[in-house]
2 protein chains.
Amino acid sequence: MNAPALLTSTEENYLKAVFALAQPRIGTNALADRVQTKASSATDMIQRLAEKGLVEYERYRGVGLTPSGRVAAAAVIRRHRLWEVFLAEKLGFGWHEVHDLAEELEHVQSPELIRRLDAFLDTPSYDPHGDPIPRADGTWPTAAGIRLDQVPVGQSFAVAGAADRTDELLDYLHRVGMVPGTEWTLSEIVPFDGTRTVQTRSGRTLDLSALAARHVLVQPHESQTPNA
Amino acid sequence: MNAPALLTSTEENYLKAVFALAQPRIGTNALADRVQTKASSATDMIQRLAEKGLVEYERYRGVGLTPSGRVAAAAVIRRHRLWEVFLAEKLGFGWHEVHDLAEELEHVQSPELIRRLDAFLDTPSYDPHGDPIPRADGTWPTAAGIRLDQVPVGQSFAVAGAADRTDELLDYLHRVGMVPGTEWTLSEIVPFDGTRTVQTRSGRTLDLSALAARHVLVQPHESQTPNA
DNA sequence: CTTTATTTTTAGATTTGTCTAAATTTGAAT
DNA sequence: ATTCAAATTTAGACAAATCTAAAAATAAAG
Ligand SMILES: [Mn+2]
Ligand SMILES: [Mn+2]
Ligand SMILES: [Mn+2]
Ligand SMILES: [Mn+2]
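Residues numbered from 1 in each chain as written. Chains lettered and ligands numbered in written order. Predicted model: local features only at pLDDT ≥ 70, side-chain atom pairs only at ≥ 80, totals over all residues. Heavy atoms only, no water.

Focus on the relation of the copies chain B and chain A
The two copies are related by a screw operation: chain B maps onto chain A through 180° of rotation and 0.0 Å of translation along the axis, at an RMSD of 0.1 Å. Overall, the copies show the geometry of a two-fold rotation axis. Considering only C-alpha atoms, the part of chain B nearest the rotation axis is L105(B), at 3.6 Å. Comparing interface residues between copies, 100% of those in chain B also lie at the interface in chain A; the contact surface is shared. (Least-squares fit on C-alpha atoms with pLDDT ≥ 70 in both. Contact = heavy atoms within 4.5 Å.)

Shown next, in the form of structure tokens:
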């Protein structure tokens, strides 16, 4: 049971990609796509990770994480998301800007650094995108919320996160002010196309397409049933 | 006048080493020593940096920085020392622990990150070791202080830094409480061997060898000439 | 001035991560 | 069953960074 050998930044990036995409396995092309490389390179790396016991790999059949691979991936994701919280909360970056920076910071190797960063940030459970931050013991907080398209009319809620990390989505939500922590009430659902109208306490209203609503995660408040 | 091409972590580490050691030139062995590698590897890297115009290199004659090499080195040192301040001030690391972590963090490439980190730390002028932090415009604050062995008896002062970064020195000073920001008065110099006795306002005294005194940088207060 | 010791550079090999192009395998469609 | 297209793997090459061992230049002694 020797301590897990240190991984390179590249290996860590591949592990995260396998974690994100494997259900329970993922093919070489999709993986290569995710880590911005070619399928042949992905095959190479997968074979090396398989020898280290981090992924289980069967030729032509795809790749998945082993238990120890899952542990390693969770550690990287923990670092990534803690840095994202730091960048957003302490340095004032927008949620659409933090990912690329965290992608580099996550590879700085030091358990003590992460312990102290975690404490400095008051042990957050979710990152600025609403994604759960694995705990130091490897367990995961439960998902941050439900999708806005599943909220009934009249319900008020706080924005908890976004369902994916594309720049288009994050920039849009940032621009219209639907960022984590803001408070809204769903005032209408247009039957024709599912468009949602939401409003702030101060009365500002905003229309969201059904597609957009499907990509916003929210935390509903206890329902103040309008009239009993 | 294209923007300076991005440098690898390794190139940045070599540049810092040349900056630290070249006065005005440094040999391959000393350089290799500093970056923990072999002379042959250092030669390779130097030749590549020379082609990029960052060092001036003459075979068998040693290597020094060009003006643009000095600019690049200052930028790396700025990042390194800002991260050191962050680690010490915000995360509570001791001054003897911050260097190795900063050695990694300094390579994260993002001008905006450094701008915001600098502001978050209130634009510090010195790092936890008392070394000056190059400003965003590339200029340098003046040195933090004078050596303790040059302070006269009766003089009070604040510890500003250490004259080198060896673990032995930093651990020792940390253990006896002579860390940056602490206040002392020099009460005696033993004529025989130059031992210094210093004391805190609360009366705690501490003896420092002449050797140790030579490695502590201090900021003297205006002299309260004991009796006019 | 020669010889010797030191420093520095080259030559050749290795590891990591990547690429293109060619060869295999798989799975789906006739 | 054949044929075909897509996915995947191999083969071979390359750049970055490193190493060891051998060659070359410089500096120091004699
Ligand atoms: Mn990354
Ligand atoms: Mn995130
Ligand atoms: Mn470094
Ligand atoms: Mn320092």
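From this point, the discussion proceeds with the structure in view.
Some details on the protein's contact with DNA strand C
Taken together, 22 residues surround DNA strand C, and among them T8(A), T37(A), R48(A), T28(B) and Y57(B) come closest. Across the atoms of DNA strand C situated within 4 Å of the protein, the share located in sugar and phosphate is 79%. Within the contact set of DNA strand C, a phosphate oxygen lies 3.2 Å away from a backbone nitrogen or oxygen of Y60(B). Those elements giving two or more residues to the surface near DNA strand C turn out to be α1 (9–21) and α3 (39–51) of chain A together with α2 (28–34) and α3 (39–51) of chain B. Here the surface near DNA strand C takes five residues from α3(A), the largest share from any one element. Residue composition of the surface near DNA strand C, by class: six nonpolar, eleven polar and five charged. (Near = heavy atom within 4 Å. Polar contact = N/O pair within 3.5 Å; in protein donor to acceptor, adjacent residues only side chain to side chain. Helix = DSSP H or I, 4+ residues; strand = E, 2+ residues; numbered from the N terminus. Nonpolar A, V, L, I, M, F, W, Y, C, P; charged D, E, K, R; others polar.)

Observations concerning the coordination of the manganese ion (ligand 3)
Residue and element names in this part refer to chain B. Protein-derived coordination of the manganese ion (ligand 3) comes from N13 (OD1), E103 (O), E103 (OE), E106 (OE) and H107 (NE2), at a distance range of 2.0 to 2.3 Å. Read in sequence order, the donor residues for the manganese ion (ligand 3) give the motif N-x89-E-x2-E-H. Linking N13 in helix α1 (residues 9–21) with E106 in the loop between α5 (98–105) and α6 (111–120), this pair joins segments that are 93 residues apart in sequence. Its relative accessible area of 24% is what places N13 among the partly exposed residues. Classification of E106 as buried rests on a relative accessible area of 0%. (Donors = N, O, S within 2.8 Å, 3.2 Å for Na, K, Ca; no water. Buried < 20%, exposed > 50% of the residue type's maximum accessible area, 1.4 Å probe, protein only.)

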